[in-house]
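Residues per chain are reported as follows:
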Amino acid sequence: RHGVKMVTEVAVGINYVLEKKGLIDKALEESIDARSPFTRKIWDGIAYSLLGDGKRIRPALCLAACELFGGSAEDAIPTACALEMIHTMSLIHDDLPCMDNDDLRRGKPTNHKVFGEDMALLAGDALLAYAFEMISKTPKSISADRVVEVLRTISHCSGAEGLVGGQVMDLEQEGNPDCTVETLRWIHVHKTAVLLKASVTSGAVIGGANKDDVARLGEFAEKIGLAFQIRDDVLDETQTSEVLGKTAGKDAAVYKATYPRLLGLAESRNQATQLVGEAKQILEKYGERSATLNSLADLIISREK
Ligand code: GRG
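Residues numbered from 1 in each chain as written. Predicted model: local features only at pLDDT ≥ 70, side-chain atom pairs only at ≥ 80, totals over all residues.

Draft legend 1. How the structure looks around the packing of helix α3 (residues 57-68) against helix α14 (residues 291-302). Direction vectors running N to C along α3 and α14 enclose 155°, while the axes themselves pass 8 Å from each other. Taken together, the axes of α3 and α14 lie roughly antiparallel to each other. With respect to the hand of their crossing, α3 and α14 are arranged in left-handed fashion. Taken together, the residues of α14 that come into contact with α3 (itself represented by A60, L61, A64, A65, E67 and L68) are T292, L293 and L296. (Axes fitted to C-alpha atoms, helices over the stretch in contact; angles between N-to-C directions. Helix = DSSP H or I, 4+ residues; strand = E, 2+ residues; numbered from the N terminus. Parallel < 35°, antiparallel > 145°, perpendicular 65-115°, else oblique. Left-handed = near helix turned anticlockwise from the far one by under 90°. Contact = placed C-beta atoms within 7 Å.)

What follows is the structure, given as structure tokens:
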């Protein structure tokens, strides 16, 4: 019976993401419509990666958290777009030769392969700046205090204490056969979980959550964020690059610590499942209202790409 419930919940999660993907994709397309002929080159580079075939997990988490507190998707759409912009710029920069040196992303040549390293760097920079401009376009019905809180959360998680810090440690640990699980966990939390956490907490803030609720949702998101990266490592080990639409980059030549390498595949899967179980328990207080977030959590560890 547990298995049937799990399959049903995953299906709910898939449906939610598909439904919201349409909304997000439309908003992202509209956000890059205002091009002038002089800036066309950079917008082409931005559109190439932003409108690519991403799963839109972060925006979906943001909208679901907003809706849990009775907020409307429209209010959270600018922030949801901003999160996808930051995620996309981090992928563009991560793929650069000076970072992971990848040729393929989301089934297509990486941004720098098509537009050159200089343009890829600038497309990432422009996306990071544009993300914060998007948040400032949040409907006026949301108080300025709440918008500032969202800006604080998302800017903090993008910098040295978040994604950048995680990436730095990731680069530093490249080729280190003694990298411990604790260090790897730190990398995962900062490189990946922080943005999923910011997606959930910013959605909650826009939806009208109080401080305790935001903290509770943050704990939920940190757990599913970690599970997300463990699943990513498992898929890198078990799926072909055709299915994943990405190449191994530097990984192929240089040793890189991953959960499966340190703990084995079975234990990695166990830990991801356990984290999602713990995460769902944190939301029990909200009863049926947490159904969407729970199903997104299930989707995160059952996804095949
Ligand atoms: C200034 C924000 C900022 C970042 C610069 C380059 C960098 C620092 C950080 C890189 C962080 C990174 C690449 C983390 C990997 C996260 C991850 C698991 C990505 C895959 O996410 P999916 O599966 O991708 O959601 P799709 O393609 O579906 O969008």
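Draft legend 2. Geometry of the confidence of the model for the protein. On average, residues of the protein score 93 in pLDDT, and 97% of them are at 70 or above. Interface confidence for the predicted complex, expressed as ipTM, amounts to 0.98; the pTM equals 0.95. (pLDDT = per-residue confidence, 0-100.)

Draft legend 3. The arrangement of the site of the ligand in detail. Inspection of the region around the ligand gives 20 residues, with G54, K55, H93, D94 and Q167 positioned closest. Looking at the shell around the ligand, the elements that each hand over two or more residues are α4 (73-95), α8 (163-173), α9 (181-207) and α10 (211-238). The element contributing the most residues to the shell around the ligand is α4, with six residues. (Near = placed C-beta within 6 Å.)

Draft legend 4. Quick peek at the nonpolar core. Membership of the largest hydrophobic core comes to 74 residues, with the highest contact counts inside it found for A65, I224 and A227. If one sorts the elements of this core by residue count, α4 sits on top with twelve residues. Residues contacting I224, with those up to four places away along its chain left out, are L196, L275, V276, A279, A297 and I300. (Core = buried A, V, L, I, M, F, W, Y, C linked by C-beta atoms within 7 Å. Buried ≥ 20, exposed ≤ 12 C-beta atoms within 10 Å, placed from the backbone.)

Draft legend 5. Layout of unusual backbone geometry. Backbone geometry at R56 places phi at a positive 65°, although glycine is not the residue there. For R56, the location among the structural elements is in the loop between α2 (40-50) and α3. Despite not being glycine, R106 has its phi angle at roughly 50°, a positive value. Assignment of secondary structure puts R106 in the loop between β1 (104-105) and β2 (108-109). You can call R106 partly exposed: it has 16 C-beta atoms within 10 Å.

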